[in-house]
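One letter stands for each residue in the lines below.
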Amino acid sequence: MHSKLRQAIGLATQPVAVLKAQHPPEGIDPRPCGCIIPLLAAAAQGQAAALTADSVGCPGGKFGLGLVPQAPEGLAGFLSTGGGGRPGLGYKEAPCLMETYLHHLPPTEPPACLVFRPLDQLQPGEEPLAVVFLVNPHQLSALATLASYDRAPLENVKLLFGAGCTQAVRYALCAQEAGEDTCYVGLTDPSARLHLDRDLLSFSLPYRRFRELEEKADGSFLTQSTWQSLLRQG
């Protein structure tokens, strides 16, 4: 699928389509991984990936992506103050705060398989739940601005706390399933950023909203001088 948005913002990589599947697509075997962010980045470079609860080695990642229905025991402590003689990551002041956060994540039915496919490799009949752009600050500014181009409310784009996989994938996926149009800035999780170029963040959209904004690009600021000047800066 050709993306007008990709061309308009000067994105060298592909937007990544996120799909749920009953089994891995033909030719895409799930590979064991720890953090899934390198697989997301590889999909933007053209290499599709399939993820299952068995192939994802990060327990928090399994839950953060929605591959399992419950957070693993001890996750709240690990992400906050630690426990069992292990230090925590310090992302929340206390385990109770992390437990509350985990309890309030948007729900999704765990799939047998989650697929990251470069948008230009979508197969006939495949309809994504979400689309993820890996973007630099200029490109992020373009997508975040366009998300409010045709909407009056203020909260068309959100940046929510979470693991990198939750920020980049789950929030937009759940928005699509809930019939919502909110877009999400992500990959501010320091642990996820260990696996990224320093100038990259994610901008994730429910697929429904992605299709709408594809049609809005030509009539927007993206064709005018201010954005074109930024585009020339690279």
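1. Some thoughts on the nonpolar core
So, point 1. Formed by 40 residues in total, the largest nonpolar core has its most connected members in Ile-36 and Phe-116.
So, point 2. When residues of this core are assigned to their parent elements, the largest contribution, eight residues, is made by helix α7 (residues 164–177).
So, point 3. Contacts of Phe-116, omitting those with residues within four sequence positions, involve Val-16, Ala-17, Val-18, Ile-36, Leu-39, Leu-40, Ala-43, Ala-48, Ala-49, Leu-51 and Val-169.
So, point 4. Listed in part, the 32 residues of the second largest apolar core include Leu-5, Leu-19, Leu-205 and Tyr-207.

2. Details of the packing of aromatic side chains
So, point 1. One pass over the structure, following the stated rule, counts four aromatic pairs.
So, point 2. Centre to centre, the rings of Tyr-207 and Phe-210 are 6.0 Å apart; their planes meet at 20 degrees, and the pair counts as stacked. Pair noted here: Tyr-207 and Phe-210 are both in helix α9 (residues 207–216), with a separation of three residues, about one helical turn.
So, point 3. Feature note: the residues Phe-133, Tyr-207 and Phe-210 constitute an aromatic cluster, connected by ring pairs.
So, point 4. The positively charged end of Arg-170 is found above the aromatic ring belonging to Phe-63, 5.3 Å away from the centroid.

3. Some details on the pattern of salt bridges
Any two side chains of opposite charge can pair if their charged atoms end up close together.
So, point 1. Scanning the entire structure with this criterion turns up eight salt bridges.
So, point 2. Of the charged contacts, one joins Lys-20 and Glu-177 as a salt bridge, the two residues approaching to 2.7 Å between their closest N and O atoms. In this pair, Lys-20 sits in strand β1 (residues 16–21) while Glu-177 sits in helix α7, placing the two residues 157 residues apart along the sequence.
So, point 3. Its relative accessible area of 37% is what places Glu-177 among the partly exposed residues.
So, point 4. A salt bridge links Arg-151 to Glu-212; the nearest nitrogen and oxygen atoms lie 2.9 Å apart. In this pair, Arg-151 sits in the loop between α6 (137–146) and β7 (157–159) while Glu-212 sits in helix α9, placing the two residues 61 residues apart along the sequence.
So, point 5. What makes Arg-151 partly exposed here is its relative accessible area of 27%.
So, point 6. Because the salt bridges share partners, they merge into one network encompassing Asp-150, Arg-151, Asp-181, Arg-208, Arg-209 and Glu-212.

4. Considerations on the sheet that holds β7
So, point 1. A sheet is described by the order of its strands in space; here seven strands give the open sequence β2-β5-β1-β6-β9-β8-β7, paired in mixed fashion. Two strands close off the open sheet at either side, each with one partner strand: β2 (49–51) and β7. When the angles between neighbouring strand axes are averaged without regard to direction, this sheet yields 25 degrees.
So, point 2. Inspection of the sheet shows β1 paired to strand β5 (residues 113–118) by six bridges, in the antiparallel sense.

What counts as what
- Numbering of residues starts from 1 in every chain and runs along the sequence as written.
- Selection of residues for local features in this predicted model requires a pLDDT of at least 70, selection of side-chain atom pairs for listing and counting requires 80 or more, and totals for whole chains, interfaces and linings are taken over all residues.
- No hydrogens and no water enter the side-chain calculation; it runs on all heavy atoms of the structure.
- By convention a nonpolar core is built from buried Ala, Val, Leu, Ile, Met, Phe, Trp, Tyr and Cys residues, the set being connected through side-chain atoms within 4.5 Å.
- Relative accessibility under 20% of the residue-type maximum defines a buried residue, over 50% an exposed one, and the middle range a partly exposed one, all with a 1.4 Å probe and only protein chains included.
- Each helix is a run of DSSP H or I of at least 4 residues and each strand a run of E of at least 2, with the numbering of both proceeding from the N terminus.
- Contact definition: two residues touch when any of their heavy atoms are within 4.5 Å.
- Each Phe, Tyr or Trp ring (for Trp, its six-membered ring) is paired with any other whose centre lies within 6.5 Å, and the angle between the two planes then decides the class: stacked below 30 degrees, edge-to-face above 60, tilted in between.
- Either the NZ atom of lysine or the CZ atom of arginine qualifies as a charge over a ring when it sits within 6 Å of the ring centre and within 35 degrees of the ring normal.
- Take a side-chain nitrogen of Lys or Arg and a carboxyl oxygen of Asp or Glu: if they are within 4 Å of each other, that pair is a salt bridge.
- Any two strands are treated as partners once DSSP identifies two or more bridges connecting them.
- Lines fitted to the C-alpha atoms define the axes, with helices restricted to the stretch that makes contact. Angles between their N-to-C directions range from 0 to 180 degrees.

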